[in-house]
Protein chains: 2
Amino acid sequence: MTSTAKPAPRERLLRAAADLFYREGITATGVDKLCQAAGISKKSMYQFFATKDELLAESLNTCGPASVAGYFADPAADLTPRERILHVFEHLEKLAAEPDFFGCPFVSAAAELRDPTHPASLVAGRFKQMMTDYFEEQARLAGATDPETLAKQLTIVYDGAAARSVVRAAGLDGLSLLTASALLAAAGVHPASPE
Amino acid sequence: MTSTAKPAPRERLLRAAADLFYREGITATGVDKLCQAAGISKKSMYQFFATKDELLAESLNTCGPASVAGYFADPAADLTPRERILHVFEHLEKLAAEPDFFGCPFVSAAAELRDPTHPASLVAGRFKQMMTDYFEEQARLAGATDPETLAKQLTIVYDGAAARSVVRAAGLDGLSLLTASALLAAAGVHPASPE
DNA sequence: CCGACTATAAACCGATCTGTTTCCGACTGC
DNA sequence: GCAGTCGGAAACAGATCGGTTTATAGTCGG
């Protein structure tokens, strides 16, 4: 019975936290609402996590990877590095078109916290770096002239496009793909790799 | 006496609101703190503005332009369109290097609100469009191949670079300038305009 | 059946939230 | 001097905040 509906109290709590913090904001989400959404008591919550901030950081850390997994193409797939890079933006375009898209969860959290030393901010920084590292690796494989710089630029395009979608409350119409392609081309990475 | 220290109650309130909402967040800033910072009573505040949200929207609308004025070079200055575009990113690099930079105030507000219909979100949308329009105008003057698209791309770079600075709590090291230059070059806008 | 453990619901704490109201002193025009 | 108005200080209202505690219901191993 517990297997079908309830994965585990702690798990449910982390999921509910990641969901509500993202959809409604950190400060705007109270602990009571959180526990109610997770079907858990406050006492249990405070046994798992000492403070709301600790829960926030752990929810980002635990549920973050799953929420951004779609950006990274299956490593087993037969794709060129350039296609793997563009896959990130294809996925972003898809997400941004939906009305419940509120930007990158990590950026969103770090921006609201305004405290670089907050545990959740550190988690956000690590994940951003992870995406940049992914870009750099693929850029290097693609033979880009300056993979490190290109990776940072692509991350900027990713976050900028996400911000655009949020303030306009609209999709991106391929703009992020177009911009990423332009930067790839400027770094010598072209669609049909010529022999 | 009132002329030296106190501009006007309403003005002070708007300034304090813009400042605190930006520095500490919207939800995290209480009305009491706001009034205290502005040196005004809550009664007066609620005579000027019906709700906190109304104050927020109006503070963005009124104090927003001044807070972003530095991005736009003096129209009288002898600058090329390309230089005017890059001036935006030079200014951003300067701001991002300071520890009290928390990103674009409009994006920040819209992101925290998560409600595209909120008056403040509409204000944010208008200002973003204003910057894009500025980019587009300069891009057209510079003879870019596709000024409209280039303008959107530059706006994306602006917001993406701001986000990067926020999550890393560090400066940009010229990265936004570099990226903007690359997109300009891709659109056929080069530094020393050759005859 | 029993004691230990667990997790729940709910009350509770002081503080703070948005928003309203009351009171009172300081101006104003007359 | 004196009604009238203004705005500030502060109490107030009801709700919610993060966090703690109590009491109770269920679930184990022994």
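The rules behind these values
Residues numbered from 1 in each chain as written. Chains lettered and ligands numbered in written order. Predicted model: local features only at pLDDT ≥ 70, side-chain atom pairs only at ≥ 80, totals over all residues. Axes fitted to C-alpha atoms, helices over the stretch in contact; angles between N-to-C directions. Helix = DSSP H or I, 4+ residues; strand = E, 2+ residues; numbered from the N terminus. Contact = placed C-beta atoms within 7 Å. Nonpolar A, V, L, I, M, F, W, Y, C, P; charged D, E, K, R; others polar. Near = placed C-beta within 6 Å. Expected span 1.5 Å × (residues − 1).

Caption draft 1: Expanded view of the packing of helix α5 (residues 52-68) of chain A against helix α7 (residues 105-113) of chain A. Residues and elements named next belong to chain A. Look at α5 against α7: their axes get within 10 Å of each other, and the N-to-C directions meet at 145 degrees. Residues Leu60, Gly64 and Ser67 of α5 touch α7, and the partners they reach there are Pro105, Phe106 and Ala109. Of the residues that constitute the contact of α5 with α7, the class distribution is four nonpolar, two polar and no charged.

Caption draft 2: Looking closely at the protein's contact with DNA strand D. Taken together, 16 residues lie near DNA strand D, and Gly30(A), Lys43(A), Lys52(A), Ser41(B) and Ser44(B) sit nearest. Of all the elements in the fold, those that place two or more residues in the surface near DNA strand D are α3 (31-38) and α4 (42-48) of chain A together with α4 (42-48) of chain B. By residue number, the principal contributor to the surface near DNA strand D is α4(B), which donates four residues. In terms of residue class, the surface near DNA strand D is built from four nonpolar, five polar and seven charged.

Caption draft 3: The protein's contact with DNA strand C, seen in detail. Near DNA strand C lie 15 residues; those nearest to it are Lys43(A), Ser44(A), Gly30(B), Val31(B) and Lys52(B). Of all elements in the fold, only α4 of chain A together with α3 (31-38) and α4 of chain B reach the threshold of two or more residues within the surface near DNA strand C. Split by residue class, the surface near DNA strand C holds four nonpolar, four polar and seven charged.

Caption draft 4: Structural context of helix α8 (residues 119-141) of chain B. Taking 1.5 Å per residue, 23 residues should reach 33 Å; α8(B) reaches 33 Å between its end C-alpha atoms and fits that length. Buried-residue contacts for α8(B) involve α9 (147-168) of chain A together with α5 (52-68), α6 (81-96), α7 (105-113) and α9 (147-168) of chain B. Remark: Gly143(B) follows α8(B) within two positions and exhibits a positive phi of approximately 80 degrees.

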